[in-house]
Amino acid sequence: MSGTRGKRIAIGARPPASPRAEAWVRQGDAGEPQKGDLYTARLTLDITPALRARIKIAAFTQDTTVAELLRALLEREFPEDTP
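Residues numbered from 1 in each chain as written. Predicted model: local features only at pLDDT ≥ 70, side-chain atom pairs only at ≥ 80, totals over all residues. Heavy atoms only, no water.

What about the overall build of the chain?
Okay, step 1: When its secondary structure is counted, the chain shows four helices and zero strands.
Okay, step 2: Beginning at the N terminus, the succession of helices and strands in the chain can be written as α-α-α-α.
Okay, step 3: Summed over its atoms, the accessible surface of the chain is roughly 8700 Å², and 57% of this surface lies on carbon and sulfur atoms. (Helix = DSSP H or I, 4+ residues; strand = E, 2+ residues; numbered from the N terminus. Areas by Shrake-Rupley, 256 points an atom, 1.4 Å probe, with all protein chains shown as cover.)

A few points about the confidence of the model for the chain
Okay, step 1: Taken as a whole, the chain shows an average pLDDT of 82; of its residues, 78% reach a score of 70 or greater.
Okay, step 2: Helix H2 (residues 35-38) is the least confidently modelled element of the chain, averaging 67 in pLDDT, while helix H3 (residues 49-61) averages 97, the highest of any element. (pLDDT = per-residue confidence, 0-100.)

Considering H3
Okay, step 1: Helix length check: H3 (13 residues) gives 18 Å between terminal C-alpha atoms against 18 Å at 1.5 Å per residue, within 8%.
Okay, step 2: After H3 finishes, the residue Asp63 shows a positive phi value of roughly 55 degrees. (Expected span 1.5 Å × (residues − 1).)

Describing the packing of H3 against helix H4 (residues 66-77)
Okay, step 1: Between H3 and H4, whose axes approach to 9 Å, the crossing angle comes to 95 degrees. Between H3 and H4, the crossing angle belongs to the class labelled roughly perpendicular. The segment H3 lies against H4, with Ile55, Lys56, Ala58 and Ala59 engaging Val66, Leu69 and Leu70.
Okay, step 2: Here the residues of the contact of H3 with H4 sort into six nonpolar, no polar and one charged. (Axes fitted to C-alpha atoms, helices over the stretch in contact; angles between N-to-C directions. Parallel < 35°, antiparallel > 145°, perpendicular 65-115°, else oblique. Contact = heavy atoms within 4.5 Å. Nonpolar A, V, L, I, M, F, W, Y, C, P; charged D, E, K, R; others polar.)

Focus: the environment of Thr65
Okay, step 1: One can find Thr65 in the loop between H3 and H4.
Okay, step 2: Residue classification places Thr65 among the partly exposed positions, given a relative accessible area of 39%.
Okay, step 3: Sequence separation of Thr65 and Ile55 is 10 residues, and the distance between their C-alpha atoms is 9.7 Å.
Okay, step 4: At 3.0 Å, the side chain of Thr65 and the backbone nitrogen of Glu68 are in polar contact. (Buried < 20%, exposed > 50% of the residue type's maximum accessible area, 1.4 Å probe, protein only. Polar contact = N/O pair within 3.5 Å; in protein donor to acceptor, adjacent residues only side chain to side chain.)

Structural data, given as structure tokens:
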């Protein structure tokens, strides 16, 4: 057991990279925008625990997230064509 301690095992050289594979990995899902591409501002507001509970229940019953529910609500209330 003590004979194997301190011995190094050589690891082979890294195989040459495929430019096509590298480009594919870097590309990702270019067709689909990522969350960070769409939503770059964070909004924080204070609400009562009761209101928070109602919002969470509404999101759950609509099978969505609180963030998605509130984004849709804000989009309806403040459409882009509003001056």
